[in-house]
Amino acid sequence: MTSQICRSASRTLRSFLSASRSSPLFIEGRAVGAAATVFRGKVSSLGSVYGRADSNRTSNGWISGALVLPAAAYMLQEQEAHAAEMERTFIAIKPDGVQRGLIAEIISRFERKGYKLVAIKLVVPTKGFAEKHYHDLKERPFFSGLCDFLSSGPVLAMVWEGEGVIKYGRKLIGATDPQKSEPGTIRGDLAVVVGRNIIHGSDGPETAKDEIKLWFYPEELVSYSSNAEKWIYGDN
């Protein structure tokens, strides 16, 4: 919800900035105020830098474009720097992670970060299914062994949701080679060798979309509001 508001405000500010390049006209204060509600606390401080609008214009609900546009540009830059997309990613605990009893440990790390679980199931993939999952590696010499391993036991398939979850989910997981993973990451703390690195995570938006579609039917994905979201994202 917060990301949608930020994107809406961004589009409004972009239109203001675009219009200013060809016209010295004034910008209606009410419209700027609506956009600025997303960036509470910024306008008052900017007013001291760029000055106050003419009292006659503000009394009629208009603010000089020359005064508002620098503030609008500042708010747009800040929004772009900090707002992340609300997205979903595919995460799977591989047979070694399941057999070692690491399910609760791994799930807790995503939950403590603030991400939301929207789909989960325990499955034993066939080798044919594993080949579909690793289709981009089919030319590699280790492809067959990789598929044999993924289909050797139960896999916990999950979909997690949150702002920036695809990129940061990979950071939580750590490097493919546990020996190169930083302490504090899942692989850095819980795995030793590449062949038993316990977890898989989508490496980009398109991969996430394809993997979610492969492992889950649409009706298995749950959309809901978590009571914790206001404490994770906030609205100020």
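Remember, predicted model here, so these are calculated numbers, not experimental data.

*Asks:* Explain the nonpolar core to me, and be specific about the residues and the numbers.
*Replies:* Formed by 21 residues in total, the largest nonpolar core has its most connected members in Ile 106, Phe 110, Trp 160, Ile 198 and Ile 199. For this core, the secondary-structure elements that each account for two or more residues are strand E3 (86-93), helix H7 (103-113), strand E5 (155-163), helix H10 (165-173) and helix H11 (186-190). Setting aside chain neighbours within four positions, we find Ile 199 in contact with Ile 91, Ala 92, Ile 93, Lys 94, Ile 106, Phe 110, Ile 173, Ile 186 and Arg 187. Counting residues in hydrophobic clusters, the runner-up holds 16 residues, among them Ala 92, Val 118, Cys 147 and Trp 215.

*Asks:* Now, about the pattern of salt bridges: what can you tell me, with residues and values included?
*Replies:* Under the counting rule described, the total for this entry stands at eight salt bridges. Lys 116 serves as the salt-bridge partner of Glu 229, at 2.6 Å between the closest nitrogen and oxygen. Of this pair, Glu 229 sits in helix H13 (residues 229-232) while Lys 116 sits in strand E4 (residues 116-123), and the two are 113 residues apart along the sequence. Where salt bridges share partners, they join Arg 88, Lys 116, Glu 161 and Glu 229 into one cluster.

*Asks:* Describe in detail the packing of aromatic side chains, supporting the description with residues and values.
*Replies:* For the structure on display, the rule yields four aromatic pairs. Geometrically, the ring pair formed by Phe 90 and Phe 216 is edge-to-face, given 6.5 Å between the ring centres and 65° between the ring planes. Of the two residues, Phe 90 sits in strand E3 while Phe 216 sits in the loop between helix H12 (205-215) and H13, which places them 126 residues apart along the sequence. Each member of the pair Phe 90 and Phe 216 is classed as buried. Each residue in the set Phe 90, Phe 129, Trp 215 and Phe 216 is aromatic and connected to the rest through ring pairs, giving one cluster. Just above the ring of Tyr 168 sits the side chain of Lys 113; from NZ or CZ to the centre is 3.8 Å. Positioned over the ring face of Tyr 224 is Lys 116, at 4.7 Å from the centre of the ring.

Rules and cut-offs
Residues numbered from 1 in each chain as written. Predicted model: local features only at pLDDT ≥ 70, side-chain atom pairs only at ≥ 80, totals over all residues. Heavy atoms only, no water. Core = buried A, V, L, I, M, F, W, Y, C linked by side-chain atoms within 4.5 Å. Buried < 20%, exposed > 50% of the residue type's maximum accessible area, 1.4 Å probe, protein only. Helix = DSSP H or I, 4+ residues; strand = E, 2+ residues; numbered from the N terminus. Contact = heavy atoms within 4.5 Å. Salt bridge = Lys/Arg side-chain N within 4 Å of Asp/Glu carboxyl O. Phe/Tyr/Trp six-rings, centres within 6.5 Å; stacked < 30°, edge-to-face > 60°. Lys NZ or Arg CZ within 6 Å of the ring centre and 35° of its normal.

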